Amino acid sequence: MAGSYALKTLLFNPPSAFNGKFVSREQCGVGLVEQRFVPSEILLSTAYLRKLGHDADFADADSSVPDFSGYQVVVVWVSVLHSYHQDVQWLRRAKESGCRTVLVLNEPYDGFETETLRRNPFVDAAVRLWERERSLGELLGAWRERSTPRGRGLIFRQNGDLCDTGLHPVLGDLSHLPSCAPLLRTLPLGRYEAAGITPGRGCSALCGFCLYAGCAQRKRRMDDVMDEMEAVAGKGKLVFVLDPDLGSTRTWTEGFCREIVRRKLNIRWRSDLRPQDAVPGLLDLMRASGCDHVLMAVETLDPEIREKLRAGVSAADLRTAVRAVRKAGIRP
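What comes next is a walk through the structure. Please read these numbers as outputs of a predicted model, since none were measured by experiment.

A closer look at the overall build of the protein
Within the protein, the regular secondary structure consists of 10 helices and 17 strands. Over its C-alpha trace the protein gives a radius of gyration of 20 Å, about what one expects of a compact globule, namely 20 Å for 332 residues. Considered along the principal axes of its C-alpha atoms, the protein spans approximately 65 × 45 × 40 Å. Taken over 332 residues, the protein has a buried fraction of 57%. A separation threshold of at least 6 residues defines the contact pool for the protein, and within that pool the share at least 24 residues apart is 73%. With an accessible surface of roughly 14600 Å², the protein has 49% of that area assigned to carbon and sulfur atoms. The protein carries 46 positive and 41 negative side-chain charges, and their two centres are separated by 2 Å.

Structural data, given as structure tokens:
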């Protein structure tokens, strides 16, 4: 059928509260956190879709009552752990409201999206890795033009079958993602204790068990990241800097820290840090810019298991990293 038609789209983040903690639905962010926080990826996706000219809105159930009426498409962020079954039911509600439904899993374990669609006929499509914003934009563009989606990174229903277009190729950088600071400023930030901000994605480590192993590191434009930092600065929020391999991109990270200092942003932030990147010069800059603690993943301290996994640091390396972090005044 030829011709385009309006597609008003809602990107929805379900309630995060779970047994006294809060669910993270960010890429490479499986788990529970202690603070109710403003999500990042869903805001970036909304800003990107608006940049493309799509009529896209964002709703976070922690700050607003969801209302699917008036929308033709609802995209729901779903946690693979903890709240998975509850999150999927929001897609059912959207379908019952007459909307097309799209699933975004925060961690795309192989085959999990396909299994979710097979088990739940009320889910029309799923968006996969790597560049989810691009894939989602291409899906909505095809639906708007009443054509078959052909972009990579999609699973969708067609004539009773599931069509899988594979993974989207990794881009060289994330410069296509605009600042979502205007969206951040519309939120009732007083309802949150923290805010997520995504400077980059990808990981240089080659852990044999990890989906992200060796995927290209990509960074956003520094000015866009700083716009978002400024949107939450001075409001007493802890900022989750969501970048699994922040410390290894030393030049970019040093520039990030110096820019926070130059702009005199009143901010506290934390991020992941691999023990091998816990070096004094970088740590001192991080602390000066407001970093008060870092998260270091330790897969195993058993040498034999570490060799089998092709991952992990030795106990001696970990002790060295912990000492360096503490010496810089940061909590490991």
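Quick notes on the nonpolar core
Formed by 68 residues in total, the largest nonpolar core has its most connected members in Val102, Leu136, Met229, Phe256, Trp269, Leu283 and Met286. Considering every element that reaches this core, the biggest residue donor is helix H1 (residues 41–51), with six residues. In this structure, Phe68, Trp90, Phe122 and Val123 belong to the second largest nonpolar core, which totals 24 residues.

Some points on the environment of Gly153
The residue Gly153 is located in the loop between helix H4 (132–144) and strand E10 (154–158) in this model. On the basis of relative accessible area, Gly153 is assigned to the buried category, the value being 0%. Sequence separation of Gly153 and Gln35 is 118 residues, and the distance between their C-alpha atoms is 31 Å. In contact with Gly153, other than residues within four places in its own chain, are Ala126, Val127, Arg128, Leu129, Ser135, Thr165, Gly166, Leu167 and His168.

Side note on the pattern of salt bridges
Taken as a whole and assessed by the stated rule, the structure comprises 25 salt bridges. A salt bridge links Asp223 to Arg221; the shortest N-O distance between them is 3.9 Å. With relative accessibility at 40%, the residue Arg221 sits in the partly exposed group. Between Glu259 and Arg262 there is a salt bridge, with its nearest N and O atoms 2.6 Å apart. One end of the pair is Glu259 and the other is Arg262, both in helix H7 (residues 250–262) and three residues apart, which spans about a single turn. Taking the relative accessible area as the measure of exposure, Arg262 reaches 57% and is therefore exposed. Residues participating in the shared-partner salt-bridge network are Arg221, Asp223, Asp224, Glu230, Glu259, Arg262 and Arg263.

Considerations on H1
Of all 11 residues making up H1, nine are buried, and the element is well covered by its neighbours. Taken together, the buried positions of H1 are occupied by Glu41, Ile42, Leu43, Leu44, Ser45, Thr46, Ala47, Tyr48 and Leu49. A positive phi of about 100° marks Gly53, the residue just after H1.

Re helix H10 (residues 315–327)
With 13 residues, H10 ought to run about 18 Å at 1.5 Å a step, and its terminal C-alpha atoms sit 18 Å apart, in line with that. Buried residues in H10 make contact with helix H8 (280–288) and strand E17 (291–295). Positive phi appears at Gly329, one or two residues downstream of H10, with a value of about 85°.

Points about the packing of aromatic side chains
According to the stated counting rule, one finds seven aromatic pairs in the structure shown. Pairing Phe256 with Trp269 gives two aromatic rings, centres 5.4 Å apart and planes at 85°, and the pair type is edge-to-face. Of the two residues, Phe256 sits in helix H7 while Trp269 sits in strand E16 (residues 268–272), which places them 13 residues apart along the sequence. The ring centre of Trp90 lies 4.0 Å from the NZ or CZ of Arg93, which sits over that ring.

Here we look at the packing of H1 against H4
In the contact formed by H1 and H4, the axes pass within 10 Å of each other and the chain directions differ by 45°. In terms of their interaxial angle, H1 and H4 are classed as oblique. Here H1 runs over H4; the crossing is right-handed. Facing Glu41, Leu44, Ser45, Tyr48 and Leu49 of H1, the residues of H4 in contact are Arg132, Glu133, Arg134, Leu136, Gly137 and Leu140. Considering only residue class, the contact of H1 with H4 consists of five nonpolar, two polar and four charged.

Some thoughts on empty space enclosed by the protein
Here the structure, examined in full by the defined rule, presents two cavities of 30 Å³ or more. Approximately 50 Å³ is the volume attributed to the largest cavity. Lining the largest cavity are Asn13, Ser16, Val23, Ser24, Arg25, Glu26, Phe37, Pro39 and Asp62. Taken together, the residues of the lining of the largest cavity break down into three nonpolar, three polar and three charged. Quantified by volume, the second largest cavity comes out at close to 40 Å³. As for the second largest cavity, its lining consists of Glu41, Ser45, Trp77, Val104, Val127, Arg132, Glu133 and Leu136. Elements with a contribution of two residues or more to the lining of the second largest cavity: H1 and H4. A class-by-class count of the residues in the lining of the second largest cavity yields four nonpolar, one polar and three charged.

Calculation rules
- Residues numbered from 1 in each chain as written.
- Predicted model: local features only at pLDDT ≥ 70, side-chain atom pairs only at ≥ 80, totals over all residues.
- Heavy atoms only, no water.
- Helix = DSSP H or I, 4+ residues; strand = E, 2+ residues; numbered from the N terminus.
- Rg over C-alpha atoms; globule rule 2.2 N^0.38 Å.
- Buried < 20%, exposed > 50% of the residue type's maximum accessible area, 1.4 Å probe, protein only.
- Contact = heavy atoms within 4.5 Å.
- Areas by Shrake-Rupley, 256 points an atom, 1.4 Å probe, with all protein chains shown as cover.
- Lys, Arg positive; Asp, Glu negative; His and termini not counted.
- Charge placed at Lys NZ, Arg CZ, Asp CG, Glu CD.
- Core = buried A, V, L, I, M, F, W, Y, C linked by side-chain atoms within 4.5 Å.
- Salt bridge = Lys/Arg side-chain N within 4 Å of Asp/Glu carboxyl O.
- Expected span 1.5 Å × (residues − 1).
- Phe/Tyr/Trp six-rings, centres within 6.5 Å; stacked < 30°, edge-to-face > 60°.
- Lys NZ or Arg CZ within 6 Å of the ring centre and 35° of its normal.
- Axes fitted to C-alpha atoms, helices over the stretch in contact; angles between N-to-C directions.
- Parallel < 35°, antiparallel > 145°, perpendicular 65-115°, else oblique.
- Left-handed = near helix turned anticlockwise from the far one by under 90°.
- Nonpolar A, V, L, I, M, F, W, Y, C, P; charged D, E, K, R; others polar.
- 1 Å grid on protein atoms, 1.4 Å probe; cavity = no way out; pocket = protein on both sides within 12 Å on 5 of 7 lines; lining within 4 Å.
- Points joined across faces, edges and corners; volume = space filled by probe spheres on them.

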